[in-house]
Amino acid sequence: MKMEDQMKDCYEIIISDMSKKGLVCHYQFEEGSSQFIFLDIDKETGGISVNNPLSLTTSSFVQIISSSEGLLLLSSIGENQLNYLVFNPSTKRSVILPQHGIAGLIIRSGFAFDGKHFQVVLVHVLRDEENDLGPVPGDVELEVFSSETGAWRNHRPSSLSLNVELPENEFPQLSMAPLFSNGAIHWEISGQLLVYHVEDDYCEVIELPNVFEDWSWQSTMTYRRCLWESEGRVHYTYTDFDGIHSWNLLREDDYNVYPHKNVFDREKFRRALAYSISHQDLAEQDPEILSLGDQWEPLNTSPIAYVQESETMYLQLPGIVVAYNTRNRILQKVCRYTFPGVDFNCCSFFPSIHRSVCHEQNESRSEIGEVVDLPIGKEVNSFSF
């Protein structure tokens, strides 16, 4: 089958009233196999239920990079470089992208799907080969694959000021998934937000509120971060030792809404604080969560998703996922998962949009307060990439 036909098969997806927001739980087993558990989120109650028909296990070593409008961007280990795959969980079809020609260091990957065509974007810089270190100061380049052309192309942004400081070894479990929103892919890099506008083919950089001088240490050892969209705006949410903080990235027309907050440089500081929640306020609502003791730290509290309709934020902690309603400030456990020893990073959660089979079968609505045990390690649909 030609690649063009493979791509059409892959992204022929039903995005309709049957589709809903959800989560994908990716569990990486020690021997390299993976389990993908798809979770439906009830947009009114905020409850979670397991979508068994979409869930699968695979013996292949794969990682989720990003999701966009029902499709997943995955990576797997190839002979000389990573293979990139676009996967449709509804049809169980995938397409492997052709090899790229990047000689430098790939520091970020992103994915954009508009319902007709998709683009995969790789951000790369030169590597300090002489000292066997990470990126060297210099220009950032993008390698862009389009399903419309079936080929990669190089894009070098002009007049882009981006200071890339990364640790020698970034832990993928602690990285922040990119977000495709309002026609642009957003990445966090060294305390800054790199935004690539797909249609107009240009980049911009926005300074984030919790930037530190030594970001290369801080980003992997202290904070968990997440990007999500709500009311048409991109939100940047992170944890620190005080609590959880969510910021709106402002659009041009927002400066009339927040005039007192924006007497500073509009180009550099394009954000407004939406809310802050202290760790103590969260922990006091549930004795079991409070008993986590020193595990209730920024490193172990990860914002993973937000549902606008129910005004609910989802947080991953060791062994549980909790839902926090930002309107009535109620915290509830929604699912449990197991992990070996202290390595709960083997279980990662990603926001997604997928077809809800539960709706088709008229199953009961999931209510907040019902705790779902994830079927990790149990036999589900076997699949080979």
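Note that residues are indexed from 1 along each chain, following the sequence as it is written. Only residues with pLDDT of at least 70 are given local features in this predicted model, and only at 80 or more are side-chain atom pairs given and counted; all residues enter the totals for whole chains, interfaces and linings. Processing note: side-chain calculations cover all non-hydrogen atoms of the structure and skip hydrogens and water entirely.

The protein chain has the name F-box protein At3g26010-like beta-propeller domain-containing protein in an unreviewed UniProt entry, where Salix suchowensis is given as its organism.

So, on to the overall build of the protein chain. In terms of regular secondary structure, the protein chain is built from five helices and 26 strands. Two residues form a contact once any of their heavy atoms are found within 4.5 Å. Contacts spanning at least 24 positions in sequence make up 55% of the contacts within the protein chain whose residues lie at least 6 apart. Here the protein chain has roughly 18200 Å² of accessible surface; of this, 46% comes from carbon and sulfur atoms. Strands are runs of DSSP state E lasting at least two residues, helices are runs of H or I lasting at least four, and both sets are numbered from the N terminus onward. Reported accessibility uses the Shrake-Rupley method at a 1.4 Å probe radius. Residues are deemed covered only where the shown protein chains occlude them.

On to a nonpolar patch on the surface, then. Taken together, the side chains of Phe 61, Ile 77 and Leu 82 present a nonpolar region at the surface, about 290 Å² in accessible area. Within the secondary structure layout, Leu 82 lies in strand β6 (residues 82–88). Residue exposure (1.4 Å probe, protein chains only): buried if accessible area is under 20% of the type maximum, exposed if over 50%, otherwise partly exposed. What makes Leu 82 partly exposed here is its relative accessible area of 39%. Each patch is assembled from residues with relative accessible area greater than 30% and no salt bridge, linking like charges that lie within 9 Å and nonpolar side chains (Val, Leu, Ile, Met, Phe, Trp, Tyr) that lie within 5 Å. In what follows, salt bridge is the name for a side-chain nitrogen of Lys or Arg lying within 4 Å of a carboxyl oxygen of Asp or Glu.

Right, let's get into the packing of aromatic side chains. Stacked, tilted and edge-to-face pairs are distinguished by plane angle, under 30 degrees for stacked and over 60 for edge-to-face with tilted covering the rest, among Phe, Tyr and Trp rings (Trp via its six-membered ring) whose centres lie within 6.5 Å. Applying the stated criterion across every chain yields a total of eight aromatic pairs. For the ring pair Trp 228 and Tyr 306, a centre distance of 5.5 Å and an interplane angle of 20 degrees mean the geometry is stacked. Highlighted residues: Trp 228 in strand β16 (residues 225–230) and Tyr 306 in strand β20 (residues 302–307), separated in sequence by 78 residues. Take Trp 228: its relative accessible area is 4%, and that puts it in the buried class.

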